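A structural walkthrough
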Amino acid sequence: MQKTVVNSWNEWDPLKHVIVGRADDCHIPPEEPALDAKVPEDSDMRGQWGRRPQETIDRANELLDNFASILESRGIRVDRPTPIDHSKPAMTPDFRTESQFGCMPPRDVLLTVGSEMLEATMSYRCRWFEYLNYRPLMQQYFEHDPNFRHESAPKPRLTDADYHPDYLSDKIGVEKRLKWTAEKFFVTTEEEPLFDAADVLRFGRDLVVQHGFTTNLKGIEWLRRHFPDHRVHTVNFPGDPYPIHIDATFTPLRPGLILNNPQRRLPEEQRKMYRDNDWEIVDAAQPAHNTPPPLCYSSTWLSMNVLVLDPKTVCVEKSEVYQAEQMDKLGMEVVEVELRDAYAFGGGLHCCTADVFREGTCEDYFP
Ligand code: NVA
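Described in the following lines is the structure provided in the data block.

Basis of the calculations
Residues numbered from 1 in each chain as written. Predicted model: local features only at pLDDT ≥ 70, side-chain atom pairs only at ≥ 80, totals over all residues. Heavy atoms only, no water. Helix = DSSP H or I, 4+ residues; strand = E, 2+ residues; numbered from the N terminus. Rg over C-alpha atoms; globule rule 2.2 N^0.38 Å. Contact = heavy atoms within 4.5 Å. Lys, Arg positive; Asp, Glu negative; His and termini not counted. Charge placed at Lys NZ, Arg CZ, Asp CG, Glu CD. Pairing = 2+ DSSP bridges. Axes fitted to C-alpha atoms, helices over the stretch in contact; angles between N-to-C directions. Core = buried A, V, L, I, M, F, W, Y, C linked by side-chain atoms within 4.5 Å. Buried < 20%, exposed > 50% of the residue type's maximum accessible area, 1.4 Å probe, protein only. Near = heavy atom within 4 Å. Polar contact = N/O pair within 3.5 Å; in protein donor to acceptor, adjacent residues only side chain to side chain. Areas by Shrake-Rupley, 256 points an atom, 1.4 Å probe, with all protein chains shown as cover. Nonpolar A, V, L, I, M, F, W, Y, C, P; charged D, E, K, R; others polar. Phe/Tyr/Trp six-rings, centres within 6.5 Å; stacked < 30°, edge-to-face > 60°. Arc of directions from axis to C-beta.

Attention shifts here to the overall build of the protein chain. For the protein chain, the count of helices and strands is seven helices and 19 strands. Relative to its length of 367 residues, the protein chain is compact, with a C-alpha radius of gyration of 19 Å against a globular reference of 21 Å. Along the longest, intermediate and shortest principal axes, the C-alpha atoms of the protein chain span 45 × 45 × 40 Å. The contacts of the protein chain with a sequence gap of at least 6 include a subset with a gap of at least 24, amounting to 74%. Distance from the positive charge centre (42 side chains) to the negative charge centre (61 side chains) of the protein chain: 2 Å.

Here the focus is the sheet that holds strand β15 (residues 280-283). Read across the open sheet, the three strands follow the order β13-β14-β15; overall the sheet is mixed. Sheet topology places β13 (250-254) and β15 at the edges, where each strand pairs with a single neighbour. Strand-to-strand twist of the sheet, defined as the mean angle between neighbouring strand axes without regard to direction, takes the value 30 degrees. Where helix α7 (residues 321-329) meets the sheet, it contacts β13, β14 (257-260) and β15, and its direction lies at approximately 160 degrees from that of β14.

Attention now moves to the nonpolar core. Counting 31 residues, the largest nonpolar core has F203, V208, F250, L253, Y274, W279 and M327 as the members making the most contacts within it. Beyond its immediate stretch of four places on either side in the chain, F250 contacts L201, F237, I258, L259, N260, L266, Y274, I281 and M304. Ranked by size, the runner-up nonpolar core spans 30 residues in total, among them L15, F67, I76 and L302.

Attention now moves to the site of the ligand. Neighbouring the ligand are K38, I244, H245, D247, A248, R264, S298, S299, L302 and C351. K38 places a side-chain nitrogen or oxygen 2.9 Å from an oxygen atom of the ligand. Backbone polar atom of I244 to a nitrogen atom of the ligand: 2.6 Å apart, as the coordinates give it. With the chains in place, 98% of the 270 Å² that the ligand exposes on its own is no longer accessible. For the shell around the ligand, a count of residues per class yields four nonpolar, three polar and three charged.

Along β14, one buried face is formed by L257 and L259 and the opposite face, lined by I258 and N260, is buried too. As paired strands, β13 and β14 are joined by four bridges and run antiparallel to one another. Bridge assignment links R254 to a residue of β14, and that residue is L257. If you look at the hairpin formed by β13 and β14, you'll find two residues sitting between the two strands, and G256 has a positive phi there, around 100 degrees. Where β14 lies against β15, four bridges are found, and the strand directions are parallel. Pairing of N260 across the sheet is with D283, part of β15.

Attention now moves to the sheet that holds strand β11 (residues 206-210). On the basis of which strands lie adjacent, the open sheet formed by three strands has the order β10-β11-β12 and mixed pairing. Looking at the sheet topology across the chains shown, the edges are occupied by β10 (200-203) and β12 (231-235). Recorded for the sheet is a direction-independent mean angle of 20 degrees between the axes of neighbouring strands. Helix α5 (residues 217-226) contacts β10, β11 and β12 of the sheet and is inclined by roughly 165 degrees relative to β12.

Glancing now at the packing of aromatic side chains. All told, the structure shown has 21 aromatic pairs when counted by the stated rule. Aromatic side chains F95 and W128 sit 6.4 Å apart centroid to centroid with 70 degrees between the ring planes, which places their arrangement in the edge-to-face category. Of this pair, F95 sits in the loop between β5 (90-91) and β6 (96-97) while W128 sits in the loop between β8 (116-119) and α3 (135-144); the two residues are 33 residues apart in sequence, bridging distant segments of the chain. Taking the centre distance of 5.8 Å and the plane angle of 75 degrees together, the rings of F250 and Y274 count as edge-to-face. Here F250, found in strand β13, pairs with Y274, found in helix α6 (residues 272-276); they are 24 residues apart in sequence, far enough to count as distant. An identical accessibility class is assigned to F250 and Y274; each is buried. Among the aromatic residues, ring-to-ring pairing joins W12, F203, F237, F250, Y274, W279, Y365 and F366 into one connected group.

Cis geometry is adopted by the peptide bond preceding P105, which originates at M104 and carries an omega value of -15 degrees. Note on placement: P105 falls in the loop between β6 and β7 (110-113). At D278, a position not held by glycine, the phi torsion is positive, near 60 degrees. Among the structural elements, D278 can be located in the loop between α6 and β15. Despite not being glycine, L295 has its phi angle at roughly 55 degrees, a positive value. With respect to the helices and strands, the residue L295 is situated in the loop between β15 and β16 (307-310).

With that settled, consider the environment of D229. With respect to the helices and strands, the residue D229 is situated in the loop between α5 and β12. In sequence terms D229 and D206 are 23 residues apart; their C-alpha atoms lie 9.2 Å from each other.

For α5, the set of buried residues is G219, I220, L223 and H226. End-on, the buried residues of α5 take up no more than an arc of 120 degrees, which puts them together on one face. Contacts from the buried residues of α5 go to β7, β8, β9 (149-152), β10, β11 and β12.

As structure tokens, then:
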């Protein structure tokens, strides 16, 4: 039996143990405020809900299993979640929604910081119970690693007070959305702390957190108080009309180098700490596709949702030829992984994983 140790401080140190999601029983959940705000007005997702077609589940599982095998063949240990019944309604004394989401993607739910794995509050009602898919693994890590800290952020109430009613329309238009997001007027209110783990990037002592639809300022303040030995930075990407989850927008590849989505550039005034410490922020290559695949929540920028295996090696989706070419020019060895047919289940190669162990310690990259 391999020794289990939970330890990961950043997005690039050599990866040795990881969780890869499963597509089993994934659902398109019914309408609800924060979820609808993310679905583009011309998307084929509008007005649909129910269990995803079985053939798409099978295909996504084939790709996820294959990704797990590629990682294992490179000596990386892979764990998988245990799906709960996602057809059951999510119901608390405060809300009810008719189905759940799935056990994809793990990166949205689990934030690993050192020896801690923190279950995020989440901000969609349909994802309130998603942590249950990972509880068997959390119990296993708790059993085998005496230093593992299993934490859960305060469960939010997710009443209507958590959402701005202005966003409850399917006729807002991209222009108004861009104006609102530039003004930092997002669908979530400041009623209570809310965050999704995928809004957080780890840079050793520094945590960089996107303020947007799925993470509010109280959520960021909660993280600041929860990690008192870290510096927590709030970032915004005003060019994004649907700002959720930072990992198709800002992608650190190794110390000193970050890819930034050219349509969602980090504002000048938020670049100081990188500039002062000689970090380079380069525009990511264009996606290879003009549209996302069918029934997909995400944008075509999943092209830059890559999984870094170590500072010289990166997994890139097989069809994303421009992104792979750019990685090559940046001196990275590219591992091609086919995943596009699983994008609809919640994201790309970074999204569908969650770190358990990377070598290395907590370093200060921005002294
Ligand atoms: N904001 C993202 C989510 C990606 C994980 C998008 O571009 O769709």
